[in-house]
Amino acid sequence: GLAAPQLCHAQAPAPEKSSGGDLKTRYGRAVTLYNTGQYDKAIEEFQAVYEMRAEPILLFNLAQAHRKAGHKAQALDLYERFQRENQDPEPKLKSETELYINELRAAVEADKAAARAAEEKLAAEKAAAEKAAAEKALAEKQAAEQAAEFRRKHGPTRPLNIAKWATLGLGVAMVVVGGVLIGLD
């Protein structure tokens, strides 16, 4: 949850006197967006509120929104900033922050390891494909060289021309039929 009385364990930032209405309005909008699962929009609002008034508790809220949105590295950074800038947090909030930091560090490391493994797998697949292509090219080259050597040794081969033989056979048959017909007359 967020660092607000109804949502978590801390308080909302103290209202800013010069632009208190705007600060309160934006903070309320950020909380509403967070509660409705619109984490990216909540992040924008919390960031705007933090820029108006740099309260450490807003870093916790930003971290929560980033964590819920799946932005692990950003959330981890913000939780760590919250720890550095909030020297005396409530004990429950401190332990919750430490828990999130530990979870996120493990998750970020797991993501990095998965990314490295994916890169290594991709590199291995690329190397295997390149090796297979090189072997295929070599085999094709060797087959072409062997065919050229065979043609050089045995001379050119002539394919059996069926059309020529069929025409010759048909011509012979017509001569025989013609001779028979003339002989019958």
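Quick look at the structure, then. (Residues numbered from 1 in each chain as written. Predicted model: local features only at pLDDT ≥ 70, side-chain atom pairs only at ≥ 80, totals over all residues. Heavy atoms only, no water.)

Quick word on helix 2 (residues 39-52)
Argument step 1. Under the 1.5 Å per step criterion, the end-to-end length of helix 2 is 20 Å for 14 residues, consistent within 8% with the ideal 20 Å.
Argument step 2. All of the buried residues along helix 2 are Ala42, Ile43, Glu45, Phe46, Ala48, Val49 and Tyr50. (Helix = DSSP H or I, 4+ residues; strand = E, 2+ residues; numbered from the N terminus. Expected span 1.5 Å × (residues − 1). Buried < 20%, exposed > 50% of the residue type's maximum accessible area, 1.4 Å probe, protein only.)

A short note on the pattern of salt bridges
Argument step 1. Applying the stated rule across the entire model yields 9 salt bridges.
Argument step 2. Among the salt bridges present, the one from Glu55 reaches Arg53, with a minimum N-O distance of 2.7 Å.
Argument step 3. Arg53 sits in the partly exposed class, given a relative accessible area of 23%.
Argument step 4. A cluster of three or more residues bridged by salt bridges with shared partners is formed by Arg26, Arg29 and Glu45. (Salt bridge = Lys/Arg side-chain N within 4 Å of Asp/Glu carboxyl O.)

What to know about the packing of helix 3 (residues 56-69) against helix 5 (residues 91-154)
Argument step 1. Between helix 3 and helix 5, the least distance of the axes is 12 Å, while the angle of their chain directions is 40°. Between helix 3 and helix 5, the angle falls in the class oblique. When the axes of helix 3 and helix 5 are compared, the crossing they make is left-handed. Here Ile57, Phe60, Gln64 and Arg67 of helix 3 come into contact with helix 5, specifically with Leu93, Glu96, Thr97, Tyr100 and Leu104.
Argument step 2. Grouping the constituent residues of the contact of helix 3 with helix 5 by class yields 5 nonpolar, 2 polar and 2 charged. (Axes fitted to C-alpha atoms, helices over the stretch in contact; angles between N-to-C directions. Parallel < 35°, antiparallel > 145°, perpendicular 65-115°, else oblique. Left-handed = near helix turned anticlockwise from the far one by under 90°. Contact = heavy atoms within 4.5 Å. Nonpolar A, V, L, I, M, F, W, Y, C, P; charged D, E, K, R; others polar.)

Notes on the packing of aromatic side chains
Argument step 1. Under the criterion given, the structure shown has 5 aromatic pairs.
Argument step 2. When the ring of Tyr34 is compared with that of Tyr39, the centres are 5.4 Å apart and the planes differ by 70°; the resulting orientation is edge-to-face.
Argument step 3. Accessibility expressed as a relative area gives 6% for Tyr34, which makes it buried.
Argument step 4. An aromatic cluster is defined as three or more aromatic residues linked by ring pairs; in this entry it consists of Phe60, Tyr79, Phe82 and Tyr100.
Argument step 5. Here the basic side chain of Arg67 rests over the ring of Tyr100, its NZ or CZ set 4.0 Å away from the ring centre. (Phe/Tyr/Trp six-rings, centres within 6.5 Å; stacked < 30°, edge-to-face > 60°. Lys NZ or Arg CZ within 6 Å of the ring centre and 35° of its normal.)

Quick notes on the nonpolar core
Argument step 1. One finds Phe46, Leu58, Phe60 and Tyr79 to be the most contacted residues of the largest nonpolar core, which totals 28 residues.
Argument step 2. Secondary-structure elements contributing two or more residues to this core are helix 1 (20-35), helix 2, helix 3, helix 4 (72-85) and helix 5.
Argument step 3. No other element matches the 7 residues that helix 3 contributes to this core. (Core = buried A, V, L, I, M, F, W, Y, C linked by side-chain atoms within 4.5 Å.)

Looking at the environment of Ile101
Argument step 1. For Ile101, the position within the fold is in helix 5.
Argument step 2. Along the backbone, Ile101 and Glu80 are 21 residues apart, and their C-alpha atoms lie at a distance of 7.2 Å.
Argument step 3. With sequence-adjacent residues up to four places away left out, Ile101 is seen in contact with Leu76, Tyr79, Glu80 and Gln83.

Considering the side chain of Glu45
Argument step 1. Mapped onto the fold, Glu45 is located in helix 2.
Argument step 2. Of the residues examined, Glu45 reaches a relative accessible area of 10% and is grouped as buried.
Argument step 3. Engagement of the side chain of Glu45 in a polar contact is seen with the side chain of Arg26, the distance being 2.8 Å.
Argument step 4. Contacts of Glu45, omitting those with residues within four sequence positions, involve Arg26, Arg29, Ala30 and Leu33. (Polar contact = N/O pair within 3.5 Å; in protein donor to acceptor, adjacent residues only side chain to side chain.)

Points about the packing of helix 2 against helix 3
Argument step 1. Interaxial distance between helix 2 and helix 3 falls to 9 Å at its minimum, and their mutual angle equals 165°. One element, helix 2, and the other, helix 3, form an angle in the roughly antiparallel class. Helix 3 is crossed by helix 2, and the crossing has left-handed handedness. On helix 3, the residues that touch Tyr39, Asp40, Ile43, Phe46, Gln47, Val49 and Tyr50 of helix 2 are Leu58, Leu59, Asn61, Leu62, Ala65, His66, Lys68 and Ala69.

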